[in-house]
Amino acid sequence: RAKNDSRGTFSFFEAGMDARAQSRRKIETELREAVQGDTLRPYYQPLVDLSSGRITGFEALVRWPHPERGMISPAEFIPVAEETGLINAVGGLMLRRACTDAAQWPDDVHVAVNLSPLQFRLGNLLSLVTDTLKQSGLPARRLELEITETLLLEKSSEVLATLHALRALGVRISMDDFGTGYSSLSYLRSFPFDKIKIDQSFVRDLAANPDAQAIVRSIISLGKGLGVTITAEGVETEAEVNCLRNEGCHEGQGFLFSRARPNAEIVGLLKTQGNWSSPAGAALVA
Ligand code: C2E
Ligand code: MG
Ligand code: MG
Ligand code: MG
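Quick caveat: nothing in here was measured; it's all calculated off a predicted structure.

K.L.:
Residues and numbers for the overall build of the protein, please.
P.N.:
Tallying secondary structure elements over the protein gives twelve helices and ten strands in all. By the burial criterion, 44% of the 286 residues in the protein qualify as buried.

K.L.:
Explain the coordination of the magnesium ion (ligand 3) residue by residue, including any values.
P.N.:
Coordination of the magnesium ion (ligand 3) by the protein involves Asp176 (OD), Asp177 (OD), Glu233 (OE) and Glu233 (OE), with metal-donor separations of 2.0 to 2.4 Å. In the primary sequence, the donor residues of the magnesium ion (ligand 3) line up as D-D-x55-E. Metal-to-metal, the separation of the magnesium ion (ligand 3) and the magnesium ion (ligand 2) is 3.9 Å; Asp176 coordinates the two. Of this pair, Asp176 sits in strand β6 (residues 172–178) while Glu233 is found in the loop between β8 (229–232) and α11 (238–246), placing the two residues 57 residues apart along the sequence.

K.L.:
Please set out the confidence of the model for the protein residue by residue, giving values where relevant.
P.N.:
Averaged over all residues, the pLDDT of the protein is 89; the fraction at 70 or higher stands at 89%. pLDDT under 50 marks residues 275–286. Its contacts with residues more than four places away, or in other chains, come to 27 contacts. Two summary scores accompany this predicted model of the complex, namely pTM at 0.91 and ipTM at 0.98.

K.L.:
An account of the pairing of strand β4 (residues 110–114) is needed here, citing residue identities and associated values.
P.N.:
Along β4, four of the five residues are buried, which leaves the element largely enclosed by surrounding structure. Where strand β2 (residues 55–66) lies against β4, four bridges are found, and the strand directions are parallel. Note that in β4 the partner of Glu59 across the bridge is Ala112.

K.L.:
I'd like a description of unusual backbone geometry, backed by residues and values.
P.N.:
Even without a glycine there, the phi angle at Asp38 is positive, about 55°. On the secondary structure map, Asp38 appears in the loop between α1 (12–36) and β1 (41–49). Positive phi, close to 55°, is recorded for Asp177, a residue that is not glycine.

K.L.:
Give a detailed account of the site of ligand 1, specifying residues and quantitative values.
P.N.:
Surveying the vicinity of ligand 1 reveals 24 residues, the closest of which are Arg63, Asn114, Asp176, Glu236 and Phe255. Interatomic distance of 3.0 Å between a side-chain N/O atom of Gln45 and a nitrogen atom of ligand 1. The side chain of Arg63 places a nitrogen or oxygen atom 2.9 Å from an oxygen atom of ligand 1. Coverage of ligand 1 by the protein chains reaches 82% of its 800 Å² of free accessible surface. Of all the elements in the fold, those that place two or more residues in the shell around ligand 1 are β2, α2 (74–84), α3 (87–102) and β6. It is β2 that provides the largest number of residues to the shell around ligand 1, a total of four residues. Split into classes, the residues belonging to the shell around ligand 1 amount to nine nonpolar, seven polar and eight charged.

K.L.:
Break down the pattern of salt bridges for me, citing the residues and quoting the values.
P.N.:
Tallied over the entire structure, the rule returns 17 salt bridges. For Arg142, the salt bridge goes to Asp107, with nearest N and O atoms at 3.8 Å. You can see Arg142 sitting in the loop between α5 (125–136) and β5 (143–147) and its partner Asp107 sitting in the loop between α3 and β4, a full 35 residues away along the chain. The buried category is assigned to Arg142, whose relative accessible area is 4%. For Asp107, a relative accessible area of 45% translates into the label partly exposed. Here Arg261 and Glu265 are joined by a salt bridge, their closest N and O atoms 3.1 Å apart. Within this structure, Asp38, Arg41 and Arg97 form a network of salt bridges that share partners.

Thresholds applied
Residues numbered from 1 in each chain as written. Chains lettered and ligands numbered in written order. Predicted model: local features only at pLDDT ≥ 70, side-chain atom pairs only at ≥ 80, totals over all residues. Heavy atoms only, no water. Helix = DSSP H or I, 4+ residues; strand = E, 2+ residues; numbered from the N terminus. Buried < 20%, exposed > 50% of the residue type's maximum accessible area, 1.4 Å probe, protein only. Donors = N, O, S within 2.8 Å, 3.2 Å for Na, K, Ca; no water. pLDDT = per-residue confidence, 0-100. Contact = heavy atoms within 4.5 Å. Pairing = 2+ DSSP bridges. Near = heavy atom within 4 Å. Polar contact = N/O pair within 3.5 Å; in protein donor to acceptor, adjacent residues only side chain to side chain. Areas by Shrake-Rupley, 256 points an atom, 1.4 Å probe, with all protein chains shown as cover. Nonpolar A, V, L, I, M, F, W, Y, C, P; charged D, E, K, R; others polar. Salt bridge = Lys/Arg side-chain N within 4 Å of Asp/Glu carboxyl O.

In structure tokens form, the structure reads like this:
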């Protein structure tokens, strides 16, 4: 509700705060219902090997089909889920569904699941992953877990121990949104990542902007020096993919190849997958 300030003038600031708080509360209530009603689903976006054009795996991205508002973007509700602790339930159900779905895919296709830093704080992440792999029958080597630099900000020894234990299971660990944190390089020394995902902000304008090109080139050579797979996120154009391929980037992910799709479409997509390394750029129609 809007309030008056001491001079009696209408305060747009407070009115704005109220509206935001209300919309957050509404999202929280409805998200809780969605979790309880089990209506959240992973959609899967392909990761493409840039030299062969083949799909190597898929990233699971949470989708919330809302009865009135259509699909709600995770950008809108993940922050609320993190503030309210609901992210633990969301993360748990995404992991279960992703592993169960991927167990039905061909054996050389992996699945990548995003983890929130909060999931590490609960203290049961290792057993959750171990149990989920066992129940789904997915081999550990076909699961990749994506974390962001914020997780490593706290420099917690428990977090590092959990990451090492996950990796000892055979699960791969990848650093998401690389370059958007403020101390990226030191984190690479604190843990042996299997993959680095170059944030899409660097991929944008890659073909036109020499600065973006220089940054991407140095991330790729850094990754190669460390012996990790380099994936470029947010690949939207042929120009970008050509540039990335020239720089020796291993993998790409983006709307050029495909948007995230429901599991029902994945097996069909794998059967008919185009060769994206062809100059014709057989991008899938979303
Ligand atoms: P992310 O992990 O970096 O995922 C990549 C995001 O980039 C996805 O957005 C994807 O749809 C989008 N994207 C892919 N290709 C392109 C492209 O060519 N152009 C553009 N403009 N965007 C592209 P989405 O699905 O909206 O997810 C946003 C973020 O929400 C994710 O970023 C991730 O941080 C978070 N998120 C999604 N699902 C989960 C989840 O299950 N758990 C957690 N903790 N976070 C999740
Ligand atoms: Mg991700
Ligand atoms: Mg990312
Ligand atoms: Mg991102």
